[in-house]
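One letter stands for each residue in the lines below.
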Amino acid sequence: MPILLDELIQSEADLIHAIANDSCDGVGLKLSKQGGITAMIRQRSIAAAAGMVLSVQDTVGSEISFAAILHLAQSTPRHLFRCALDTRAMIKGSVAAFDAPIHNGGAEAPVTPGLGVTPDHACLGAPFSTWKDPI
C-alpha cells in the first residue's frame, strides 16, 4: 500500500529523514507549510531525486497561491506528479485576477511575467514594507 506523507513534511530535514528511513512513497508539499516558493522548489527537487510521488498544494489560498501552485506543478516531473490543489475557492472574494480556467480536470499557468497574476491592491491594502534601490 503506497504511503504519502502530507502535513508531516515541513522542511528539508523532515524530507531527508523520511527518505533515509524509507518512510513513504511520496509527499504532499504545501506552499505555506514548506516556507514559500524557494523552499518548496528545493524540497520538491530532493523528493524527485528520491523518486517520490508529489502533490503540490497549499493549506488555504487564493488566486495568488494557486498561481504559484500551478507553476510548481507544471515544472514537476510528470512521471512523479500526483496532483495539484486549486485553492481559489478556499477564500471568499478575490484578491487578484488570474486567468487559468479548469479544462478537463486541469489548468495551465499563463505565460505572462511573474506568476501571471494581477493583484487587487485595493483588496490587499497598503504594503507593510517596500524596498528601493539605494542609489
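As a reminder, the structure under discussion sits directly above these lines.
Analysis parameters
- Each chain carries its own residue numbering, running from 1 in the written order of its sequence.
- Predicted model: local features are reported for residues with pLDDT of at least 70 only, side-chain atom pairs are reported and counted for 80 or more only, and whole-chain, interface and lining totals are derived from all residues.
- Each side-chain value is derived from all of the structure's non-hydrogen atoms; neither hydrogens nor water enter the calculation.
- Within this analysis, patches are made of residues with over 30% relative accessible area and no salt bridge. Like charges are joined at 9 Å or less; nonpolar side chains (Val, Leu, Ile, Met, Phe, Trp, Tyr) at 5 Å or less.
- In these tables, accessible area is a Shrake-Rupley quantity obtained with a 1.4 Å probe, and a residue counts as shielded only by the protein chains included in the view.
- Think of a salt bridge as a Lys or Arg side-chain nitrogen and an Asp or Glu carboxyl oxygen that are within 4 Å of each other.
- By definition, any uninterrupted DSSP run of H or I lasting at least four residues is a helix, any uninterrupted run of E lasting at least two residues is a strand, and each is numbered from the N terminus.
- To estimate the expected span of a helix, subtract one from its residue number and multiply by 1.5 Å.
- Each residue is assigned to one of three classes by its accessible area relative to the maximum for its type, calculated with a 1.4 Å probe on protein chains only: buried under 20%, partly exposed between the two thresholds, exposed over 50%.
- Our arc is simply the arc of the directions from the helix axis toward the C-beta atoms.
- Strand pairing is assigned whenever DSSP identifies at least 2 bridges connecting the two strands.
- Should any heavy atoms of two residues lie within 4.5 Å, those residues are considered in contact.
- For every element, the axis is a line fit to its C-alpha atoms; helices are fit only across the contacting stretch, and the angle between N-to-C directions ranges from 0 to 180 degrees.

Participant: Report on a nonpolar patch on the surface, specifying residues and quantitative values.
Facilitator: Among the surface-exposed residues, V60, L85 and M90 lie close enough to one another that they form a single nonpolar patch of about 220 Å² accessible area. Positionally, L85 belongs in the loop between β4 (81-84) and β5 (96-98).

Participant: Any details on the environment of F128? Residues and values, ideally.
Facilitator: Examined against the element boundaries, F128 turns out to sit in the segment after α5 (121-124). Placed 59 residues apart in sequence, F128 and I69 show a C-alpha to C-alpha distance of 24 Å.

Participant: Let's hear about helix α3 (residues 37-49): which residues, and what values?
Facilitator: With 13 residues, α3 should cover 18 Å at 1.5 Å per step; its first-to-last C-alpha distance of 18 Å lies within 8% of that length. Buried within α3 are the following residues: A39, M40, Q43, R44 and A47. Angular distribution of buried residues about the axis of α3 spans 135 degrees; they occupy a single face of the element. Facing away from the buried side of α3 by more than 90 degrees, the exposed set consists of T38 and A49.

Participant: Residue-level account of the sheet that holds β4, with values.
Facilitator: Strands in a sheet are paired, the pairing made by backbone hydrogen bonds, and the direction either parallel or antiparallel. The strand order across the open sheet formed by four strands is β1-β2-β3-β4, and the pairing between neighbours is parallel. Here the strands that pair on one side only, and so sit at the sheet edges, are β1 (4-5) and β4. Both strand β2 (residues 26-30) and strand β3 (residues 53-57) contribute to a ladder of five bridges, which runs parallel. Its bridge partner being in β3, K30 is matched across the sheet by Q57. Across the face of the sheet, helix α4 (residues 63-74) comes into contact with β3 and β4 while running at roughly 160 degrees to β3.

This is a description of form; function is not addressed.
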